[in-house]
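One letter stands for each residue in the lines below.
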There are 2 protein chains.
Amino acid sequence: MTIFIDMDEVLADTYAAHVERYNRDFGASLTLEECEGREVWQCVPREHIPAVRGHCHLPGFFRTLRPIEGAVETVRELSSKNDIYIASAAMEFHDSLKEKAEWLDEHFPFIPWHNRILCGYKHILLGDVLIDDRKKNLMNFRGRGLLYSSPHNVQTNGFERVNNWEEVAKILL
Amino acid sequence: MTIFIDMDEVLADTYAAHVERYNRDFGASLTLEECEGREVWQCVPREHIPAVRGHCHLPGFFRTLRPIEGAVETVRELSSKNDIYIASAAMEFHDSLKEKAEWLDEHFPFIPWHNRILCGYKHILLGDVLIDDRKKNLMNFRGRGLLYSSPHNVQTNGFERVNNWEEVAKILL
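Now for a look at the structure at hand. Keep in mind it's a predicted model, so treat the numbers as computed, not measured.

1. Comments concerning the overall build of chain A
Phase 1 of the analysis: Scanning chain A for helices and strands turns up six helices and six strands.
Phase 2 of the analysis: If you list the helices and strands of chain A from N to C, you get β-α-α-α-β-α-β-β-α-β-β-α.
Phase 3 of the analysis: A compact globule built from 173 residues should have a C-alpha radius of gyration of about 16 Å, and chain A, at 16 Å, falls within 12% of that.
Phase 4 of the analysis: Judged by the C-alpha coordinates and their principal axes, chain A covers about 45 × 35 × 25 Å.

What follows is the structure, given as structure tokens:
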């Protein structure tokens, strides 16, 4: 099978990094639970929104993300029997591109460069499965879409949902 | 139609840049004609090969390429009636990623970020047309492949060939 896997909030814990950085920079104590159903920038006072939205432009933000629990192990197992492509809608943020490539070198060295995709729209991807946390990416994908749970998408319906990498393993391995 | 367009040697004159930089750095006088049927690094003395192969890692190399004649105008026209995606197999060269994004901002600002793809393999692209100078990219593409002429591919057969952007315009506009 050809399986496309999103990066932010599927392989890399971008959501938690937004919350942690916001709490640190503003002495706040926002929790993931409080954010459910919303983006992080929607959970802060209006005057803090530009700072949170600006995280994506901070040097090192994408480079230092933690891998999501179980992602490395499950993707490694999947890659032994499938064509795995990592596909991130990253082209909006120029400085993220190299950081994402380096992050993959560090955490997913077994996914070679020709199986990595930095893009925008994902409906132009031809394959069997797309694992993604965003409805907008899944809705026009031609294959089987798996919605990877993230605080922002807890209320999203209409897609086959996976809550963690154990569940992905059960379905695809 | 959904049309994918390669960057190097289709939109950007990478081949000429290799030759010019080699001639400048080594006081040589290599011509495009001498290179026909080969990569630039295959046309220089053995001891110069690492330098030519290293061009891809030089800061500014991809950022300063000249657009190929007619590319900007024809792609702009095509984009008014088609979904145009620019797809470059760039993931091998980390430092090229930002340079390519900036280059597109400068020369193809009318192609928005979500229609730009930095990838490796291109057979995972789902669309109608791929314009590319490399047989390896065209051979597994599911749609119509157009081989864009470049000095290195003059002897490549088996694909519908376009010699310049005028010919692309005649076929697709």
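This is not the end of the story, as more comes after the structure.
2. Looking at the relation of the copies chain A and chain B
Phase 1 of the analysis: When chain A is fitted to chain B, the best match, at an RMSD of 0.0 Å, comes from turning it 180° and sliding it 0.0 Å along the axis. What the rotation and shift describe, once combined, is the action of a two-fold rotation axis.
Phase 2 of the analysis: Same-surface contact between copies: 100% of interface residues of chain A are shared with the interface of chain B.

3. With respect to the pairing of strand S4 (residues 129–132) of chain B
Residue and element names in this part refer to chain B.
Phase 1 of the analysis: On S4, burial covers both faces: Val129 and Ile131 on one face and Leu130 and Asp132 on the other are all buried.
Phase 2 of the analysis: Of the pairings in the sheet, the one linking strand S1 (residues 2–5) to S4 comprises three bridges and is parallel in character. Opposite Phe4, over in S4, you have Leu130 as the bridge partner.

4. Here we look at the side chain of B:Thr156
Phase 1 of the analysis: Within the secondary structure, B:Thr156 sits in the loop between strand S5 (144–148) and strand S6 (160–162).
Phase 2 of the analysis: Leaving out residues up to four positions away in the same chain, B:Thr156 has contacts with B:Lys135, B:Leu147 and B:Arg161.

5. Digging into the packing of helix H4 (residues 94–107) of chain A against helix H4 (residues 94–107) of chain B
Phase 1 of the analysis: Axis separation between H4(A) and H4(B) bottoms out at 8 Å; the angle between their running directions is 155°. By the angle between their axes, H4(A) is roughly antiparallel relative to H4(B). Viewed along their axes, H4(A) and H4(B) form a crossing whose handedness is right-handed. Residues A:His94, A:Asp95, A:Leu97, A:Lys98, A:Ala101, A:Glu102 and A:Asp105 of H4(A) form the contact with H4(B), whose own contacting residues are B:His94, B:Asp95, B:Leu97, B:Lys98, B:Ala101, B:Glu102 and B:Asp105.

6. Details of the interface of chain A and chain B
Phase 1 of the analysis: Listed by partner, the interface residues are 27 residues for chain A and 27 residues for chain B.
Phase 2 of the analysis: Buried surface at the junction of chain A and chain B, summed over both partners, amounts to about 2600 Å²; 68% is from carbon and sulfur atoms.
Phase 3 of the analysis: Of all residues in chain A, A:Trp113, A:Ile124 and A:Leu126 give up the largest surface area on contact with chain B, accounting jointly for 27% of the area buried on that side.
Phase 4 of the analysis: The interface formed by chain A and chain B holds two salt bridges in total.
Phase 5 of the analysis: One salt bridge connects A:Lys98 with B:Asp95, and the closest N-O pair in it is separated by 2.8 Å.
Phase 6 of the analysis: Here chain A is connected to chain B by eleven residue pairs in polar contact (both at pLDDT 80 or more).
Phase 7 of the analysis: Mapped by element, the contributors of at least two residues to the side of chain A that touches chain B are strand S1 (2–5), H4 and strand S3 (116–118) of chain A.
Phase 8 of the analysis: For the side of chain A that touches chain B, a count of residues per class yields 14 nonpolar, six polar and seven charged.

7. Describing the pattern of salt bridges
Residues and elements named next belong to chain A.
Phase 1 of the analysis: Per the counting criterion, the structure on display carries 26 salt bridges over all chains.
Phase 2 of the analysis: In this structure, the salt-bridge partner of Arg66 is Glu20, at a minimum N-O distance of 2.8 Å. Of this pair, Arg66 sits in the loop between helix H2 (49–53) and helix H3 (71–79) while Glu20 sits in helix H1 (residues 14–26), placing them 46 residues apart in sequence.
Phase 3 of the analysis: Here Arg66 falls in the partly exposed class, since its relative accessible area comes to 44%.
Phase 4 of the analysis: Judged by its relative accessible area of 40%, Glu20 falls in the partly exposed class.
Phase 5 of the analysis: Its salt-bridge partner being Glu39, residue Arg134 comes within 2.8 Å of it at the nearest N-O pair. Placement of Arg134 in the loop between strand S4 (129–132) and helix H5 (135–138) and of Glu39 in the loop between H1 and H2 is noted, with a sequence separation of 95 residues between them.
Phase 6 of the analysis: Here Arg134 falls in the partly exposed class, since its relative accessible area comes to 21%.
Phase 7 of the analysis: Of the residues examined, Glu39 reaches a relative accessible area of 21% and is grouped as partly exposed.

Reading the values: rules and limits
Residues numbered from 1 in each chain as written. Chains lettered and ligands numbered in written order. Predicted model: local features only at pLDDT ≥ 70, side-chain atom pairs only at ≥ 80, totals over all residues. Heavy atoms only, no water. Helix = DSSP H or I, 4+ residues; strand = E, 2+ residues; numbered from the N terminus. Rg over C-alpha atoms; globule rule 2.2 N^0.38 Å. Least-squares fit on C-alpha atoms with pLDDT ≥ 70 in both. Contact = heavy atoms within 4.5 Å. Buried < 20%, exposed > 50% of the residue type's maximum accessible area, 1.4 Å probe, protein only. Pairing = 2+ DSSP bridges. Axes fitted to C-alpha atoms, helices over the stretch in contact; angles between N-to-C directions. Parallel < 35°, antiparallel > 145°, perpendicular 65-115°, else oblique. Left-handed = near helix turned anticlockwise from the far one by under 90°. Buried area = accessible area lost by both parts, 1.4 Å probe. Salt bridge = Lys/Arg side-chain N within 4 Å of Asp/Glu carboxyl O. Polar contact = N/O pair within 3.5 Å; in protein donor to acceptor, adjacent residues only side chain to side chain. Nonpolar A, V, L, I, M, F, W, Y, C, P; charged D, E, K, R; others polar.

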